Amino acid sequence: IRFEIADRERLLRRAIRDAVTAVVAARLRRDFLKLSLELAERSQTFTSEAVDQGLRAPLELNKETVFLNGIRARREMAEADVTEAEVTLATLLGRESLTNIGLPESLPGVIHDDIADTLNKEDLLSKRPDVAASRARIRISEGLLGEARAGGRPTVDLMFGIREMK
């Protein structure tokens, strides 16, 4: 049982690390699209002024508007991706939100491995009910084993046969 539970926790930690990667990637994409949107809005303003002055054809403004709307749509999709990735990570951690777990909202200068290590060190898995129950079962089984040894019940050892417990 102990190895099975340890294996489940290892797989869960890997899933959490993958979810952290997804959150970081989604946030980076969202931040990139925010910057792209700002630049596209400046470009549209510049093109609009050039069209008003007769330096550019009105069709150029239409192209800029279509491009700008495309970036807006991609940014909204990126926001949805961030929300989805955060919900997935929160669910894996057994939480309702990602507050107070050390995952920064703004990512410049943050290294992904540092974030994942912080999450692993804090042992956030212990807050999950299924993990807590598994760990409790281990403690109970270890306690029962100690009681059996204290009772002097025999143990079977495949290498040395039957002997008395001390």
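So, here is what we can say about the structure in this document.

Conventions we followed
- Residues numbered from 1 in each chain as written.
- Predicted model: local features only at pLDDT ≥ 70, side-chain atom pairs only at ≥ 80, totals over all residues.
- Heavy atoms only, no water.
- Salt bridge = Lys/Arg side-chain N within 4 Å of Asp/Glu carboxyl O.
- Helix = DSSP H or I, 4+ residues; strand = E, 2+ residues; numbered from the N terminus.
- Buried < 20%, exposed > 50% of the residue type's maximum accessible area, 1.4 Å probe, protein only.
- Expected span 1.5 Å × (residues − 1).
- Contact = heavy atoms within 4.5 Å.

### Remarks on the pattern of salt bridges
- The full count for this structure, using the stated rule, is five salt bridges.
- Across the pair arginine 27 and glutamate 86 runs a salt bridge, and its minimum N-O distance is 2.5 Å. In this pair, arginine 27 sits in helix 1 (residues 2–52) while glutamate 86 sits in helix 2 (residues 58–93), placing the two residues 59 residues apart along the sequence.
- Two residues, arginine 30 and aspartate 31, come together in a salt bridge whose shortest N-O distance is 3.3 Å.
- Residue arginine 30 is classed as buried on the basis of its relative accessible area, which comes to 6%.

### Some points on helix 2
- Over its 36 residues, helix 2 extends 53 Å from the first C-alpha to the last, a length consistent with the 52 Å expected when each residue adds 1.5 Å.
- Within the span of helix 2, buried status applies to Glu64, Leu68, Ile71, Ala78, Val82, Ala85, Leu89, Ala90, Leu92 and Leu93.
- In this structure, the buried side of helix 2 is in contact with helix 1.
- Once helix 2 ends, the next one or two residues include glycine 94, with phi positive near 70 degrees.

### Examining helix 1
- The terminal C-alpha atoms of helix 1 lie 74 Å apart, and with 51 residues this matches the ideal 75 Å at 1.5 Å per residue to within 8%.
- Glycine 54, located one to two residues past helix 1, shows a positive phi value of around 80 degrees.

### Overview of the environment of serine 134
- Mapped onto the elements, serine 134 comes out in helix 4 (residues 129–150).
- Residue classification places serine 134 among the buried positions, given a relative accessible area of 1%.
- If we ignore the near neighbours within four places in the chain, the residues touching serine 134 are Ile5 and Arg8.

Coordinates in, geometry out; function isn't part of it.
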